[in-house]
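For reference, the chains in residue letters:
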Amino acid sequence: MEKNELINVEEVLDLMLDAVCVVDKQGTFVFVSAAFEQIFGYTADEVVGKKMINYVYEGDHYKTHNAVTSLLSGGMVNPRFENRWMRKDGQVVHILWSVRWSEQHQVRIAVAHDITERKVMEDQLHYMARHDVLTGLPNRSLLMNRLEKVIISATRDNTFFSLLFIDINGFKAVNDTHGHEIGDKLLCAIAKRLSASVRHYDTVGRLGGDEFLIILDNLSSSHETVRIKNKVLTEFKAVFKLDDVLLNISPSIGIANYPEHGQTDHELIKYADQAMYKNKQRGLDNGNLFTSITKLNYHLRLNNSHSVLNYNALLADIFFNIGLPVLR
């Protein structure tokens, strides 16, 4: 018995975890190994004789055509490339290909390695690195990146945009009074309300703590900035319901307009921050008000008194205990 008779190449290929594919010059499948079904969901009978490009994710058709053209012309320096395919069940899979062209047989021979799990993990790590873990909003890093792009675009196209620097009044008091769990839930609820206040192409992000930044891109005028700011304030008029705690919370907001108040990211953020602080100091936007409705009602039930004197004394006691000035 000859040595080559001891080896059935197809049986060897079927033992591989990666899929081996053979495609002719017209882009038609000639052969696929058993692992093809594990990775893509199709049996050999379902794909042999069919066009390879029909199974490639539509968004990757162009790059795949380019890779094939480069391979056939001998211009592909690195015989490895990545693209996405559609599984039979409709899921998208990420594939790393190792491929070469056989001039003798006029076919391209490729090995497909499924890297979907790695890609998902990379995407998750990339998302976590650029988004706030608690609220899911863009973090400072992503905010600065987007702000830089908006500045470049506004400079090039001579367009107008604004920043809203937002600080949550009395947030420390919420943590001190109700604990950090309620504080975290409040931040998440605030993130949702801020996102609901802006247009779909604006950016709402969390700078850290109780500070948020909104990038209002491609505005018609500063009047539109004020309109969106007022919409944010309106969102805060509704009581925040967090478990059994009801909170009245207000923001202090500072505005910076490009290019009037700065031409760099740091100049604009600094101006908006200072404007916010001035508004807070002057008590604008209801800047010094925080009340815990649940606590207030509890004290009123115990007191059993509805006199103006006792009510004001109660308010004074609450505001004193949470470290905020008493409104008289």
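Before reading further, recall that the structure is shown in the block above.
This structure is a prediction, so every number in the text was calculated from the model and none was measured. (Residues numbered from 1 in each chain as written. Predicted model: local features only at pLDDT ≥ 70, side-chain atom pairs only at ≥ 80, totals over all residues. Heavy atoms only, no water.)

A. A look at unusual backbone geometry. Here the amide bond leading from tyrosine 258 into proline 259 is cis, since omega sits at 0°, within 30 degrees of zero. Relative to the elements of secondary structure, proline 259 occurs in the loop between strand E11 (251-258) and helix H10 (265-282). Non-glycine residue asparagine 158 carries a positive phi angle of around 55°. Structurally, the position occupied by asparagine 158 is in the loop between helix H6 (140-157) and strand E6 (160-168). (Helix = DSSP H or I, 4+ residues; strand = E, 2+ residues; numbered from the N terminus.)

B. Spotlight on the packing of aromatic side chains. All told, the structure shown has 10 aromatic pairs when counted by the stated rule. A ring pair is formed by phenylalanine 161 and tyrosine 258, whose centres lie 4.9 Å apart and whose planes are at 15°; its orientation type is stacked. Of this pair, phenylalanine 161 sits in strand E6 while tyrosine 258 is found in strand E11, placing the two residues 97 residues apart along the sequence. On the basis of relative accessibility, which here comes to 1%, the residue phenylalanine 161 falls in the buried class. Ring pairing ties together the aromatic residues Phe29, Phe36, Phe40, Tyr42, Tyr55, Trp85 and Trp97, which thus form one cluster. Above the face of the phenylalanine 240 ring, arginine 193 is positioned so that its terminal group lies 3.6 Å from the ring centre. (Phe/Tyr/Trp six-rings, centres within 6.5 Å; stacked < 30°, edge-to-face > 60°. Buried < 20%, exposed > 50% of the residue type's maximum accessible area, 1.4 Å probe, protein only. Lys NZ or Arg CZ within 6 Å of the ring centre and 35° of its normal.)

C. Region of the structure containing the pairing of strand E7 (residues 203-208). Most of E7 is tucked away: 5 of the 6 residues are buried. Summarising the sheet, E7 and strand E8 (residues 211-219) pair through 5 bridges and their orientation is antiparallel. The partner of arginine 206 across the bridge, within E8, is phenylalanine 212. (Pairing = 2+ DSSP bridges.)

D. Molecular detail of the pairing of strand E1 (residues 19-24). Burial within E1 is extensive, with 6 of its 6 residues counted as buried. The two faces of E1 match: Ala19, Cys21 and Val23 on one face and Val20, Val22 and Asp24 on the other face are all buried. In this structure, E1 lies alongside strand E2 (residues 29-32), joined through 3 bridges in antiparallel fashion. By the bridge assignment, valine 23 is partnered in E2 with phenylalanine 29. Where E1 folds back onto E2 in an antiparallel hairpin, the turn is made up of 4 residues, including glycine 27, whose phi is positive at roughly 85°.

E. Region of the structure containing the sheet that holds strand E4 (residues 92-102). Strand order across the open sheet formed by 5 strands is E2-E1-E5-E4-E3, with antiparallel pairing between neighbours. What marks the edges here is a single partner per strand, and that holds for E2 and strand E3 (80-86). In this sheet, neighbouring strand axes are inclined to one another by 30° on average, regardless of whether the strands run parallel or antiparallel. Here helix H5 (residues 116-130) sits on the sheet and contacts E3, E4 and strand E5 (107-114); the angle it forms with E4, its principal contact strand, is near 125°. (Axes fitted to C-alpha atoms, helices over the stretch in contact; angles between N-to-C directions. Contact = heavy atoms within 4.5 Å.)

F. Fine view of the nonpolar core. Of all hydrophobic cores here, the largest spans 31 residues; its most connected members are Ile166, Leu186, Leu194, Ile214 and Leu247. Counting residues per element, this core draws most heavily on helix H8 (residues 180-197), which supplies 7 residues. Here leucine 186 is in contact with Phe171, Val174, Phe240, Leu242, Leu247 and Ile249, once residues within four sequence places are set aside. Grouped together as the second largest cluster of nonpolar side chains are 28 residues, Val32, Val47, Met52 and Ala110 included. (Core = buried A, V, L, I, M, F, W, Y, C linked by side-chain atoms within 4.5 Å.)

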